[in-house]
Amino acid sequence: MTGPLEVLEVWRFPVKSLLGERLERADLGPEGVSGDRGWALFDVTTGFGLTARRVPELLFAAGRLRADGTAEVVLPDGTTTAEDDVLSDWAGRRVTLRPATEVHGDRRYEDPADVDDEGGRWNPFSGADGAFHDNADARVTLLSTGTLGDWDRRRFRANLVLAGAGEDELVGRRVQVGTAELDVVRRVPRCVMTTRPQGGGIARDTGVLKTVHRERGGALAVGALVTRPGTVTVGDEVAAG
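Everything numeric in this text was worked out from a predicted model, so none of it was measured. Along each chain, the written sequence defines residue order, and numbers are assigned to residues from 1. The predicted nature of this model means local features are confined to residues of pLDDT at least 70 and side-chain atom pairs, given and counted, to a pLDDT of 80 or more, with totals for whole chains, interfaces and linings taken over all residues. Water and hydrogen atoms play no part in the side-chain values, which are based on all heavy atoms of the structure.

A.B. asks: Can you help me understand the sheet that holds strand β8 (residues 80-81) in this one?
C.D. replies: By way of backbone hydrogen bonds, the strands of a sheet pair with one another, either parallel or antiparallel. Read across the sheet, three strands follow the order β6-β7-β8 without closing on themselves; strand pairing throughout is antiparallel. The open sheet has two edge strands, β6 (62-65) and β8, and neither has a second partner. Relative to strand β7 (residues 71-74), β6 runs antiparallel, the two sharing four bridges. For G63, the partnering residue across the bridge sits in β7 and is V73. Only strands that DSSP links by at least two bridges are regarded as paired with each other. Helix and strand assignments follow DSSP, with helices taken as H or I runs no shorter than four residues and strands as E runs no shorter than two, numbered in order from the N terminus.

A.B. asks: When you look at the environment of G92 in this model, what are you seeing that I'm missing?
C.D. replies: Turning to its location among the elements, G92 is positioned in the loop between α1 (84-91) and β9 (95-99). Type-normalised accessible area, obtained with a 1.4 Å probe on protein chains alone, sets the label of each residue: buried when under 20%, exposed when over 50%, and partly exposed for intermediate values. With relative accessibility at 67%, the residue G92 sits in the exposed group. Along the sequence, G92 and C191 sit 99 residues apart, while their C-alpha atoms lie 24 Å from each other.

A.B. asks: Would you mind showing me how to read the packing of aromatic side chains here?
C.D. replies: One pair of aromatic rings is described through two measures. These are the centre distance and the angle between the planes. Classification of ring pairs uses Phe, Tyr and Trp, with its six-membered ring standing for Trp, and accepts pairs whose centres are within 6.5 Å; under 30 degrees between planes counts as stacked, over 60 as edge-to-face, and the remaining range as tilted. Scanning all chains against the criterion turns up three aromatic pairs. Ring centres 6.1 Å apart and planes at 10° place the aromatic pair W11 and F13 in the stacked group. For W11, a relative accessible area of 12% puts it in the buried group. Centre to centre, the rings of W151 and F156 are 5.7 Å apart; their planes meet at 50°, and the pair counts as tilted. In this structure F156 comes out as buried when scored by relative accessible area, which is 1%. Ring-over charges, as used throughout, are those where CZ of Arg or NZ of Lys falls within 6 Å of the ring centre and within 35 degrees of the ring normal. Its guanidinium or amino end placed over the ring of F42, R98 lies 5.5 Å from that ring's centre, counting from NZ or CZ.

A.B. asks: Help me out: how do you make sense of the nonpolar core in this one?
C.D. replies: We define the nonpolar core as a collection of buried residues of types Ala, Val, Leu, Ile, Met, Phe, Trp, Tyr and Cys that are connected through side-chain atoms lying within 4.5 Å of one another. L28, L142, L160, V177, L182 and V232 are the most contacted members of the largest nonpolar core, which totals 22 residues. Mapped by element, the contributors of at least two residues to this core are β1 (5-12), β3 (25-29), β12 (140-144), β13 (160-163), β14 (174-177), β15 (180-189) and β16 (219-228). Leaving out residues up to four positions away in the same chain, L28 has contacts with V33, V140, A180, L182, V226, P229, G230 and V232. Pairs of residues are marked as contacts when any of their non-hydrogen atoms sit within 4.5 Å.

A.B. asks: Whenever I open this one, the side chain of T96 confuses me. Can you help?
C.D. replies: Residue placement: T96 occurs in strand β9. By the criterion applied in these results, polar contacts are pairs of N or O atoms within 3.5 Å in which, for protein atoms, one can donate a hydrogen and the other can accept it, and in which residues neighboring in sequence qualify only through two side-chain atoms. Engagement of the side chain of T96 in a polar contact is seen with the side chain of D84, the distance being 2.8 Å. The contact partners of T96, leaving out residues within four places of it in the chain, are A40, L41, F42, V44 and D84.

A.B. asks: How should helix α3 (residues 207-216) be read in this particular structure?
C.D. replies: Counting along an α-helix, one turn takes 3.6 residues, and residues three or four places apart therefore face a common direction. Residues of α3 that are buried: V208, L209, T211 and V212. The arc enclosing the buried residues of α3, seen along the axis, measures out at 160°, which places them on a common side. Summarising the contacts, the buried residues of α3 are in contact with β16. Count one or two residues on from α3 and you reach G217, which has phi positive near 65°. The arc refers to the directions leading from the helix axis to the C-beta atoms.

So, in structure tokens, the structure goes:
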């Protein structure tokens, strides 16, 4: 690393593929940030989970956790709901908002077949057990401002945005962040979601993913598993063992 890495932002994304919540602190456990990807929208007819890979409109709604630990959705018009009928009207198909604790067996999600697919051919893919993460070995994602450069960090949906540079060098190492301990397992492969427009004024940009593939082998950010639960707070330093 070129210098110390410090937690600049903490994020959780309560509903898969929707916008998330920026936090000052978060508890980390075996599933990652508490409440992260704990819910997802499922197509009632097909049984597939929805992702912004194939349904870009998801990135204009936001997931929020209620005080009782359940999730709700803030729609683009400001409506806040967890009602399937309201969500179905918005989505234009019958959908249901389901918690990860009630979805057992193989999790299948809609997915484009091509890097720049905007709604043509598509193939489903299988996600991790537990919380609705794409990858079982990337429960917490870390991304530095040095790696981001001029890109908007919201495109990449990292849980921990770090001030500094050099998170790739943490792969294969155990680190402490706040009172939590993480095993950094691998670099995170990127998909078409990074190119999508989304709420907050982020425009479509296919050049993002092309650059990630050309200059970084298709990966950006690192994924980690929580080996010791704890709390992470903005300003905490990443201490590598």
